[in-house]
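Close look at the chain arrangement
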2 protein chains.
Amino acid sequence: MKKMIIASTSTIYGSSYLEYILPELKKFFTKVDEIVFIPYARPSGITYEAYTKIAKKAFASLNIAVKGIYEYENPNEAIKKAKGIFVGGGNTFELVNQLYANNIMETIKTVVTSGTPYFGTSAGSNICGQTMQTTNDMPIIYPPSFKTLALIPFNINPHYLDADPTSTHKGETRETRINEYHTYNTTPVLGLREGSWISVSGEQIVLKGTLTARLFQQNKEPIELTTGSLLKF
Amino acid sequence: MKKMIIASTSTIYGSSYLEYILPELKKFFTKVDEIVFIPYARPSGITYEAYTKIAKKAFASLNIAVKGIYEYENPNEAIKKAKGIFVGGGNTFELVNQLYANNIMETIKTVVTSGTPYFGTSAGSNICGQTMQTTNDMPIIYPPSFKTLALIPFNINPHYLDADPTSTHKGETRETRINEYHTYNTTPVLGLREGSWISVSGEQIVLKGTLTARLFQQNKEPIELTTGSLLKF
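In this report, the structure presented in the accompanying data block is examined. Residues take numbers from 1 onward in each chain, read along the sequence in its written order. Here every chain gets a letter starting at A, and every ligand a number starting at 1, in the order they are written. Since the coordinates come from a predicted model, pLDDT governs what is reported: local features require at least 70, and pairs of side-chain atoms require 80 or more to be given and counted, while whole-chain, interface and lining totals use all residues. The basis for every side-chain value is the complete set of non-hydrogen atoms in the structure, without hydrogens or water.

Things to note about the relation of the copies chain B and chain A
Put simply, the rule is: Here the copies are superposed with least squares, the fitted atoms being C-alpha atoms of residues at a pLDDT of at least 70 in both. Here, two residues are considered to be in contact whenever any of their heavy atoms come within 4.5 Å of each other.
Once chain B is rotated about the relating axis by 180° and shifted along it by 0.0 Å, it coincides with chain A to within an RMSD of 0.0 Å. Each copy turns onto its partner about a two-fold axis. The fraction of interface residues of chain B whose copies in chain A are also interface residues reaches 100%, indicating that both copies meet through the same surface.

Written as structure tokens, this is what we have:
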């Protein structure tokens, strides 16, 4: 049975790394004493080692050990044997590129479908969707495909931002970009604001956190979903 | 001899489409009475026809006729015979995808190198760089390559935005994204603010407009270039 937490962000304003979601993670990773961390997204180009250290520190308060996937000789075996998986944020293009290069995209999909608990933030949440095509990140690397884990039947736009009505900037708003996505694609897109997350339990997918989320569907007006909503569309 | 105007945006706040740059275009397209417009980037998913109509209207004030590339039977021949080329903004992934699909990426590079005047805005400016990897756009389409025209020896980040020091949003700033690009790539990146453009005349490349531009180079602190600067790095 699938068991996932798909979070918009690792960090909310004014609090430390993962702090806002630790109580949820404590319940989620109950009986799990060690997880495999995938640091491939490398925010700000941080090293795998430095990034894993940050994750280790946050999970230490839950008495959960964290081991970076790069510490294993065989990443595929590491995923197969993992008691839990955490994929951190950063650049989605590089994350997807490395998941393919290390040949673990399919393996993650298989083990998570079979019940290995999965926690993702930002880029690590983006890849839970059908494709990475609604990422906000810069295409700094050319991955072999935009297809991702497809563990949920829609795409995620993490760090969703409402347009600022006072802005004088003429670059596209987030909503415009997602509407452009729907010019060419039919997959629904959930704009997940910072502090929101999705809880997946088998086929039940629920919006969590205190905020609403914005749902975009092709040829429909976007709608605001309240927290607690079942994500079935 | 190369002759190009590479603009951050088509439109600045409070004025109409291309209005701010029409005086420059008048000088640039002197003796040109017709240009080919490439509407492939389709901002907000607008049709080629509707987009071309907008370009036609703006150029009418300069007595320059505009013909959409889709109106020609053979896009390659259209580019070869063009008296001038204008590539409009929108989604860079779809623009690049269509330039490859229509097999005109190399042809544009060849004719512009030989002297066909080229005007680009936003996505149409992004593609003048070595790659499209510093676009702000969403990867709504998977293009066959991120390589672009390479008509200038650096990359462009159009609609460059300074970080807002009062923001509580935890998504990456533009500067962070460009720094992430330099984790994997060596090409310099010019952050071009709205209202700025680059004038290319042969091998001379000059920053124009009233604003400064932000230059990012691998392993160096970013610097602000004043208008009138020669872009040689």
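Considerations on the sheet that holds strand β2 (residues 34-38) of chain A
Strands belonging to one sheet form pairs held by backbone hydrogen bonds; the direction of such a pair is parallel or antiparallel. Residue and element names in this part refer to chain A. Going by this rule: Two strands form a pair only when DSSP identifies at least two bridges running between them. The way it works is that DSSP assigns letters per residue, a run of H or I at least four long becomes a helix, a run of E at least two long becomes a strand, and they are numbered from the N terminus. To get an axis, fit a line to the C-alpha atoms, keeping to the stretch in contact for a helix; angles then go from 0 to 180 degrees between the N-to-C directions.
Read across the open sheet, the seven strands follow the order β3-β2-β4-β5-β1-β8-β9; overall the sheet is mixed. Edge positions in the open sheet fall to β3 (65-68) and β9 (204-208), since each of these has one partner strand only. Neighbouring strand axes in the sheet, compared pairwise and without regard to direction, differ in orientation by 20° on average. Examined bridge by bridge, β2 and β3 share four bridges and lie parallel to one another.

Let's talk about unusual backbone geometry
Residues and elements named next belong to chain B. Note the threshold: Relative accessibility decides the category of a residue: with a 1.4 Å probe and only protein chains considered, values under 20% of the type maximum give buried, values over 50% give exposed, and everything between is partly exposed.
Here the phi dihedral of leucine 18 falls at roughly 70°; this positive angle occurs in a residue that is not glycine. Its location among the elements puts leucine 18 in the loop between β1 (3-7) and α1 (22-28). Here leucine 18 falls in the buried class, since its relative accessible area comes to 0%. Positive phi outside glycine occurs at histidine 159, with the angle close to 50°. Its place among the elements puts histidine 159 in the loop between β6 (155-157) and α7 (174-184). Assessed through its relative accessible area of 6%, histidine 159 is described here as buried.

Here we look at the sheet that holds strand β7 (residues 189-191) of chain B
All names here are of chain B. The sheet built from four strands is open, its strands ordered β6-β7-β10-β11 with mixed pairing. Every interior strand has two partners, whereas the edge strands, β6 and β11 (223-225), have only one. Across the sheet, the mean angle separating the axes of adjacent strands is 30° when strand polarity is ignored. Where β6 and β7 come together, three bridges link them in parallel fashion.

What to know about the pairing of β3 of chain A
Put simply, the test is: Here is how to tell: hold the view so the strands point away, follow the path from the first strand over the helix to the second, and if it runs clockwise the crossover is right-handed.
Burial along β3 of chain A is one-sided: Val66 and Gly68 of chain A are buried, while Ala65 and Lys67 of chain A, pointing the other way, are not. Running through helix α2 (residues 48-60) of chain A, the crossover from β2 of chain A to the neighbouring parallel element β3 of chain A is right-handed.

What to know about the packing of aromatic side chains
How two aromatic rings sit relative to each other is set out by the distance from centre to centre and by the angle between their planes. Cut-off, in case you're wondering: Side-chain rings of Phe, Tyr and Trp, where Trp is taken by its six-membered ring, are said to pair if the distance between their centres is within 6.5 Å; with planes under 30 degrees apart they count as stacked, over 60 as edge-to-face, and otherwise as tilted. Charges are assigned to positions over rings by a cutoff of 6 Å between ring centre and Lys NZ or Arg CZ, combined with an angular limit of 35 degrees from the ring normal.
The tally for this structure, following the rule as stated, stands at 31 aromatic pairs over all chains. The interplanar angle of 55° and the centroid separation of 5.6 Å between the aromatic rings of tyrosine 40 of chain B and tyrosine 48 of chain B together place this pair among those described as tilted. Owing to a relative accessible area of 4%, tyrosine 40 of chain B belongs among the buried residues under this scheme. Consider the rings of phenylalanine 86 of chain B and phenylalanine 119 of chain B, whose centres lie 4.6 Å apart with planes at 20°: the pair is stacked. Residue phenylalanine 86 of chain B is located in strand β4 (residues 85-87), and its partner phenylalanine 119 of chain B is located in strand β5 (residues 118-121); the two are separated by 33 residues in the primary sequence. Phenylalanine 119 of chain B matches phenylalanine 86 of chain B in its accessibility class, with the two residues each being buried. Through a chain of ring-to-ring contacts, three or more aromatic side chains come together here, namely Phe28, Phe29, Phe37, Tyr51, Phe59, Phe86 and Phe119 of chain A. The ring centre of tyrosine 72 of chain A lies 4.6 Å from the NZ or CZ of lysine 67 of chain A, which sits over that ring. Lying across the ring of phenylalanine 28 of chain B, lysine 3 of chain B places its NZ or CZ 4.8 Å from the centre.

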